[in-house]
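Survey of secondary and tertiary structure
What follows is each chain in one-letter form.
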Amino acid sequence: MILQIVTFIIVMLGWTLYKVRMFLKKNQPVTAGLYGCLMGICTILGSLLAAHIDIPSTTTPLNLLFQPIGKLILNR
């Protein structure tokens, strides 16, 4: 299990570095930074999922935020 997670992290890190360098060669630093951040988040979440760790859902805070707005719209 640990070997699979470490291999996943190494592969994702290598791929991310390769793509970031390609974006920097094309003179796209903002794209490189955004891509690096998103791949970092994906790597962390992927390794947690591979370790069978439950990740809390993001729908609960969004539901609390948008539910009153939806009720307000439906009441009109």
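1. Here's the deal with the overall build of the protein chain
The helix and strand tally for the protein chain stands at three helices and zero strands. For a compact globule of 76 residues, the expected C-alpha radius of gyration is about 11 Å, and the protein chain comes in at 19 Å, more than 25% above that figure. A principal-axis box enclosing the C-alpha atoms of the protein chain has dimensions of 55 × 40 × 10 Å. Total accessible area on the protein chain is roughly 6500 Å²; 73% of this is exposed by carbon and sulfur atoms.

2. Points about the confidence of the model for the protein chain
Residue-level pLDDT values for the protein chain average 92, and 100% of them are 70 or greater. For the protein chain, helix H3 (residues 59-75) is the element with the lowest average pLDDT, namely 88, and helix H1 (residues 2-25) is the one with the highest, namely 95.

3. Some thoughts on the environment of His52
Inspection of the secondary structure assignment puts His52 in the loop between helix H2 (29-50) and H3. Distance from His52 to Met22, taken between C-alpha atoms, is 33 Å for residues 30 residues apart in sequence.

4. Describing the UniProt feature "transmembrane region" (unreviewed entry) in the protein chain
Sequence positions flagged by UniProt for "transmembrane region" (unreviewed entry) are, in local numbering, residues 6-24 and 31-53. In residues 31-53, helix accounts for 87% and strand for 0%; the two terminal C-alpha atoms are 31 Å from one another.

5. With respect to the nonpolar core
Core analysis: the largest hydrophobic core is formed by six residues, namely Met12, Val20, Phe23, Ala32, Tyr35 and Met39. Residue assignment for this core shows that the elements contributing at least two residues are H1 and H2.

6. Overview of a nonpolar patch on the surface
On the surface, a cluster of nonpolar side chains totalling about 540 Å² of accessible area is made up of Leu34, Leu38, Ile41, Leu45, Leu49 and Ile55. Relative to the assigned elements, Ile41 resides in helix H2. The exposure class of Ile41 is partly exposed, given its relative accessible area of 47%.

Criteria and thresholds
Residues numbered from 1 in each chain as written. Predicted model: local features only at pLDDT ≥ 70, side-chain atom pairs only at ≥ 80, totals over all residues. Heavy atoms only, no water. Helix = DSSP H or I, 4+ residues; strand = E, 2+ residues; numbered from the N terminus. Rg over C-alpha atoms; globule rule 2.2 N^0.38 Å. Areas by Shrake-Rupley, 256 points an atom, 1.4 Å probe, with all protein chains shown as cover. pLDDT = per-residue confidence, 0-100. UniProt positions renumbered as here; feature names shortened; annotations may be inferred. Core = buried A, V, L, I, M, F, W, Y, C linked by side-chain atoms within 4.5 Å. Buried < 20%, exposed > 50% of the residue type's maximum accessible area, 1.4 Å probe, protein only. Patch = residues over 30% accessible without salt bridge, like charges linked within 9 Å, V, L, I, M, F, W, Y side chains within 5 Å. Salt bridge = Lys/Arg side-chain N within 4 Å of Asp/Glu carboxyl O.

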